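Notes for the structure review
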Amino acid sequence: MTAKTPEQSRTIMTDLVLPSETNPLNNLFGGELLARMDRAASISARRHSRRIVVTASVNHVAFNRAVPLGSVVTVEAKVSRAFRTSMEVYIDVWAEDRESGNRTKANEAIYTFVAVDDMGRPVEIPELRPETDLEKERFEAALRRKQLSLVLAGKMKPKDATELKAIFE
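Residues numbered from 1 in each chain as written. Predicted model: local features only at pLDDT ≥ 70, side-chain atom pairs only at ≥ 80, totals over all residues. Heavy atoms only, no water.

Now for the pattern of salt bridges. For the coordinates displayed, the defined rule picks out twelve salt bridges. Among the ionic pairs, D92 bridges to R138, the shortest N-O distance being 3.2 Å. You can see D92 sitting in strand β4 (residues 86–96) and its partner R138 sitting in helix α2 (residues 133–152), a full 46 residues away along the chain. Judged by its relative accessible area of 9%, D92 is buried. The class for R138 is buried, based on a relative accessible area of 15%. A salt bridge links K159 to D160, with the nearest nitrogen and oxygen atoms 3.6 Å apart. Take K159: its relative accessible area is 55%, and that puts it in the exposed class. (Salt bridge = Lys/Arg side-chain N within 4 Å of Asp/Glu carboxyl O. Helix = DSSP H or I, 4+ residues; strand = E, 2+ residues; numbered from the N terminus. Buried < 20%, exposed > 50% of the residue type's maximum accessible area, 1.4 Å probe, protein only.)

This is the structure we're talking about:
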């Protein structure tokens, strides 16, 4: 399999925040945003692996800014690291003010997907080759996040989490 770049998995979804998608404060429901992020991230994971993908975990979500009614929301997803059968997808969410047109980073999230065959069994995926400084930074951090998740789930002994240990040494 040929290694791919994060840009090859890039997915951008742009949509308008409608009244039926908002809470009593006229801001986008968090669950509505989660669904949009999951769709964009799954498309990115599928573009990278060219396989069926399933959401394995939502590792991090930060609702940093409210997204008001009428805003244009852009969800940008890219694979940040590919492991043997799983991949981490980093998502940036931008809100565009309907009057000024100013774009602000509103939220971010990190999802993990597993590529599977038609029977639902995990399959190997291509490696990822980061190119930009940001892609390299997210690539390196993905291994630490994976090791932390494995340690917390009891699937890895803390002494074997070499990337995590390196942070403290």
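Along the polypeptide, S49 turns up in helix α1 (residues 30–49). If near-sequence neighbours (up to four positions away) are discounted, S49 is found in contact with M87, A115, I125 and P126. (Contact = heavy atoms within 4.5 Å.)

Right, let's talk about α2 for a bit. Note: α-helices contain 3.6 residues per turn, so residues at a spacing of three or four share the same orientation. In a regular helix each residue adds 1.5 Å, so 20 residues correspond to 28 Å; α2 covers 29 Å between its end C-alpha atoms and thus fits that length. When α2 is considered as a whole, its buried residues turn out to be E135, R138, F139, A141, A142 and Q147. Contacts made by the buried residues of α2 are with β3 (72–82), β4, β5 (103–116) and α3 (162–168). Note on α2: the residue one or two positions beyond its end, G154, has a positive phi of about 75°. (Expected span 1.5 Å × (residues − 1).)

Taken by themselves, the reported measurements are silent on function.
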